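Listed below, chain by chain, are the residues.
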Amino acid sequence: MHHHHKKAGENLAFVFFMNLAFNIIVIVGGLATNSMAILADCIHDLSDTISIALAWFLEHVAQKDSTDSYSYGYQRFSILGAVIISIFVIIMALVILQEAIPRLFAPEEVDAGGMLLVAIVGIIFKSISVHRLHKGETFNEKAILFHQLGDVFEWIAILVLSLVLMFWEGAPYLDPFVSIGIALWLIVNLGRNLYKSVEVLLQKTPDHFDVEEFKSGVLKIEGIEGIADFHVWSLDGIDSVLTLKVNIDDFANRDKIKKGIYSIASKYHIVDITIEFD
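A few points on the structure. (Residues numbered from 1 in each chain as written. Predicted model: local features only at pLDDT ≥ 70, side-chain atom pairs only at ≥ 80, totals over all residues. Heavy atoms only, no water.)

Here's the deal with the pairing of strand β1 (residues 224-234)
Strand residues, when the strand is regular, have side chains that alternate between the two faces of the sheet. Inspection of the sheet shows β1 paired to strand β2 (residues 240-248) by nine bridges, in the antiparallel sense. Across the sheet, His231 pairs through a bridge with Thr243, a residue of β2. Here β1 folds back onto β2 in antiparallel fashion, the turn holding five residues, of which Gly237 has a positive phi close to 90°. (Pairing = 2+ DSSP bridges. Helix = DSSP H or I, 4+ residues; strand = E, 2+ residues; numbered from the N terminus.)

Digging into the environment of Ile248
Secondary-structure assignment places Ile248 in strand β2. Between the C-alpha atom of Ile248 and that of Gly226, which follows or precedes it by 22 residues, the distance is 7.3 Å. Setting aside residues no more than four positions away along its own chain, Ile248 makes contact with Gly223, Ile224, Glu225, Arg254, Ile257, Phe277 and Asp278. (Contact = heavy atoms within 4.5 Å.)

Let's talk about helix α6 (residues 174-201)
Working note: α-helix, 3.6 residues per turn, so residues spaced by three or four point in the same direction. Relative to the 40 Å expected for 28 residues at 1.5 Å per residue, α6 spans 40 Å between its end C-alpha atoms, a close match to the ideal helical length. Once α6 ends, the next one or two residues include Gln203, with phi positive near 60°. (Expected span 1.5 Å × (residues − 1).)

Remarks on the packing of helix α3 (residues 76-105) against α6
Across the interface, α3 lies against α6 with an axial gap of 8 Å and an inter-helix angle of 155°. Looking at the two axes, α3 sits roughly antiparallel to α6. α6 is crossed by α3, and the crossing has left-handed handedness. Here the contact of α3 with α6 is built from residues that sort into 25 nonpolar, five polar and three charged. (Axes fitted to C-alpha atoms, helices over the stretch in contact; angles between N-to-C directions. Parallel < 35°, antiparallel > 145°, perpendicular 65-115°, else oblique. Left-handed = near helix turned anticlockwise from the far one by under 90°. Nonpolar A, V, L, I, M, F, W, Y, C, P; charged D, E, K, R; others polar.)

These results come straight from atomic positions and should not be treated as a statement about function.
Following this line, the structure appears as structure tokens:
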């Protein structure tokens, strides 16, 4: 039940230390080159490290077994982390926009050669992190993955920008323009992740769960006359819980009917089923 959270914790720990090391490079590079794109990424990378540390911690909490206080376990702490991280990154993206937009009208000279060097290192570090996270299942990993993907695109854009600036002195406005593009990309994608995470917290029926197909399958089981009550929700965007009340013609067939329901539910990643007969 917790294997995906354990794997997520390992992935996030790796990415955290990668980002921690890269933070130093970005801070030095941003100050040395006077690039708005890199200086903005100093803030961005700091938010990266904080958010990854939080995600790592909450994934660790999510692995804990259920208790009397948390009878369903701690898996929802993973979703809580995804919500906090998404909001935090969106706020940081808005800060980047606030800093970058005025630079469009008052561009400053930057060190293109230094930008190129930092961009190459950035692409290497961030690509390694993306590769580590790209198969992640949890919303936490997806939130950090989008963040790291945004970083890869940003550093590719900065690399191209540095090459342009080397040969075209009249294009310093492109530096803040790149920052604005990346900030908007982050807001859109993390906004989607935030929306999906909140849906899970509000116990929306999981997207992968076909309610009509499930009910149709249950009603075809011999001995079931009808479905009196039905609820399904996700604990963490992966594992789901189902409660079902069915009308049956003969209580002697309960075990056979249960097996039929379990068989149908097995395809939907249901980790806990409560069945009541009437």
